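In case you want the letters, here they are:
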Amino acid sequence: MYRYSIKVYGCQMNVYDGDKLKTALGAAGWSEAPEEEADVVILNGCSIRDKAEQKVWSDLGRFAPRWEREGRPFVAVTGCIAQNAGRKMLSRFPWVRFISGPRHIGAVPEGLDRLMACPGEAVALLDDDPRAFEELEGAPLERGNPWKAYVTIAHGCDNFCSYCIVPYVRGRFLSRSPGEILEEMAALVSDGVKEITLLGQNVNSYGADFIDGYTFSRLLRDGAATGVERLRFVTSHPKDFTPDIVDVMVERSDVICPSINLPIQSGSDRILKMMNRGYTLDQYRRAME
Ligand code: SF4
């Protein structure tokens, strides 16, 4: 049985991906171990927040003395940092033997098995097609917090705000199917979870890529009926924030928390235009009303 340790740097989505990875690796026969005993150390990191990226870079340097002494452990870099800087990491650090972008997360357990079977090889799973996604099946049952959990409802983003790297490292917008999300929520509730936060770069665009008209407000209503005690969501985009979302929040205020993260980004229409945010200050005000 191979052993791994994992460190997560970055946002809630990285935490969610890390928990799903732990659950999937456990199911594939891997066991979690302290870093000193691990065959592979996984660094699941973010390149959207500069501080998180810098932490991964400095953490990578730490493995040099042990690698020179013992030739182990292998380091696997996953998440959007791997998509953005993985090739540089592979060529700079001989102990980095595995990189995988966020849209290849479903292939990570098999890729790590391949790495252990062929230790002379390096494995690179980069997201060349920004619309493809290899999902990890199942709910994140191996969590740091037994009572709270995240559930990603959509991957990537199509908005291309001028200052943001997300569409390039997390790919284009892709909604997960409602059935898959609701099943995952129900599994988490059965596992004792009291509070679920639905995640997406832009949750209220959820369903924009469906042809059957299923929307974020419908997902909220169906999610509130799974038996979860508290339901939250982040992040919303002002240009897609519609009244039906507020209607469901009022209708299911017994479950859905009265909290909306609606980033304004700037109070200047000129700057908002330069940011390619897709709304004016006046439109933002109207969304708030
Ligand atoms: S909507 Fe958010 S995630 Fe998408 S490009 Fe703009 S800032 Fe980035």
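Conventions adopted
Residues numbered from 1 in each chain as written. Predicted model: local features only at pLDDT ≥ 70, side-chain atom pairs only at ≥ 80, totals over all residues. Heavy atoms only, no water. Helix = DSSP H or I, 4+ residues; strand = E, 2+ residues; numbered from the N terminus. Rg over C-alpha atoms; globule rule 2.2 N^0.38 Å. Buried < 20%, exposed > 50% of the residue type's maximum accessible area, 1.4 Å probe, protein only. 1 Å grid on protein atoms, 1.4 Å probe; cavity = no way out; pocket = protein on both sides within 12 Å on 5 of 7 lines; lining within 4 Å. Points joined across faces, edges and corners; volume = space filled by probe spheres on them. Nonpolar A, V, L, I, M, F, W, Y, C, P; charged D, E, K, R; others polar. Domains from an automatic or database assignment. Axes fitted to C-alpha atoms, helices over the stretch in contact; angles between N-to-C directions. Parallel < 35°, antiparallel > 145°, perpendicular 65-115°, else oblique. Left-handed = near helix turned anticlockwise from the far one by under 90°. Contact = heavy atoms within 4.5 Å. Pairing = 2+ DSSP bridges. Right-handed = clockwise from strand over helix to strand, strands pointing away.

## What about the overall build of the protein?
- Scanning the protein from terminus to terminus reveals 11 helices and 11 strands.
- By the compact-globule yardstick of 19 Å for 289 residues, the protein fits well, its C-alpha radius of gyration being 20 Å.
- Principal axes of the C-alpha set define a box for the protein whose edges measure 65 × 45 × 30 Å.
- Considering the protein as a whole, with its 289 residues, one finds that 51% of them fall into the buried category.

## A look at empty space enclosed by the protein
- This structure, assessed with the given rule, holds three cavities of 30 Å³ or more.
- Met13, Asp17, Pro102, Arg103, Phe133, Thr152, His155, Gly156 and Arg170 are the residues that line the largest cavity.
- Among the residues making up the lining of the largest cavity, the classes are represented as three nonpolar, three polar and three charged.
- A domain-level breakdown of the lining of the largest cavity finds at least three residues from each of domain 1 (3-125) and domain 2 (148-288).
- If you add up the space inside the second largest cavity, you get close to 50 Å³.
- For the second largest cavity, the full set of lining residues is Asp17, Leu21, Asn44, Thr78, Gly79, Ser100, Gly101, Pro102, Ile105 and Val108.
- Of the residues belonging to the lining of the second largest cavity, the class tally is four nonpolar, five polar and one charged.

## Section: the packing of helix H1 (residues 12-27) against helix H5 (residues 108-117)
- Look at H1 against H5: their axes get within 9 Å of each other, and the N-to-C directions meet at 55°. Considering the angle they form, H1 stands oblique to H5. Considering the relative orientation of H1 and H5, their crossing is right-handed. Mapping the contact onto sequence places Leu21, Ala24 and Leu25 in H1 and Val108, Pro109 and Leu112 in H5.
- Classifying every residue of the contact of H1 with H5 gives six nonpolar, no polar and no charged.

## Details of the packing of helix H8 (residues 216-224) against helix H9 (residues 243-251)
- The contact between H8 and H9 brings their axes to 8 Å, and the two run at 15°. One finds that H8 runs roughly parallel with respect to H9. Like other packed secondary-structure pairs, H8 and H9 cross with a definite hand, here right-handed. Here Phe216, Ser217, Leu220 and Arg221 of H8 lie close against H9, whose contacting residues are Asp244, Ile245, Val248 and Glu251.
- Broken down by class, the residue content of the contact of H8 with H9 amounts to four nonpolar, one polar and three charged.

## Considerations on the sheet that holds strand E2 (residues 31-32)
- Taken in spatial order, the six strands of this open sheet run E2-E1-E3-E4-E5-E6, and their pairing is parallel. Bordering the open sheet on either side are E2 and strand E6 (123-125), each of which pairs with just one other strand.
- Where strand E5 (residues 96-100) and E6 come together, three bridges link them in parallel fashion. Residue pairing for E6: Phe98 is matched across the bridge by Val123.
- Of the strands in this sheet, strand E1 (3-8), E2, strand E3 (40-44) and strand E4 (74-78) are in contact with H1, which crosses E1 at around 170°.
- Contacts from helix H2 (residues 50-61) reach E1, E3, E4 and E5 within the one sheet, and its direction differs from that of E3 by about 160°.

## Points about the sheet that holds strand E7 (residues 148-152)
- Spatially, the three strands line up as an open sheet ordered E7-E10-E11, and their pairing is parallel. Every other strand in the sheet has two partners, leaving E7 and strand E11 (230-234) as the edge strands with one partner each. Sheet twist, expressed as the average angle between the axes of neighbouring strands with direction ignored, equals 25°.

## Re the pairing of E11
- With five bridges joining them, strand E10 (residues 195-199) and E11 adopt parallel strand pairing. Residue Thr197 lies in a different strand from E11, and its bridge partner there is Arg232.
- Each parallel crossover has a hand, and the one from E10 via H8 to E11 is right-handed.

## Let's talk about unusual backbone geometry
- Of the consecutive residues Arg72 and Pro73, the connecting peptide bond is found in the cis state with omega at -5°.
- With respect to the secondary-structure elements, Pro73 resides in the loop between helix H3 (64-70) and E4.
- With an omega dihedral of -5°, the bond running from Val234 to Thr235 counts as a cis peptide bond.
- With respect to the helices, strands and loops of the structure, Thr235 is situated in the loop between E11 and H9.
- Positioned with a positive phi, Phe160 is a non-glycine residue whose angle comes to about 50°.
- Within the secondary structure layout, Phe160 lies in the loop between strand E8 (154-155) and helix H6 (166-169).
- The phi torsion at Gln265 lies on the positive side, around 75°, for a residue other than glycine.
- Along the polypeptide, Gln265 turns up in the loop between H9 and helix H10 (269-274).

Read these as spatial facts, not as claims about activity.
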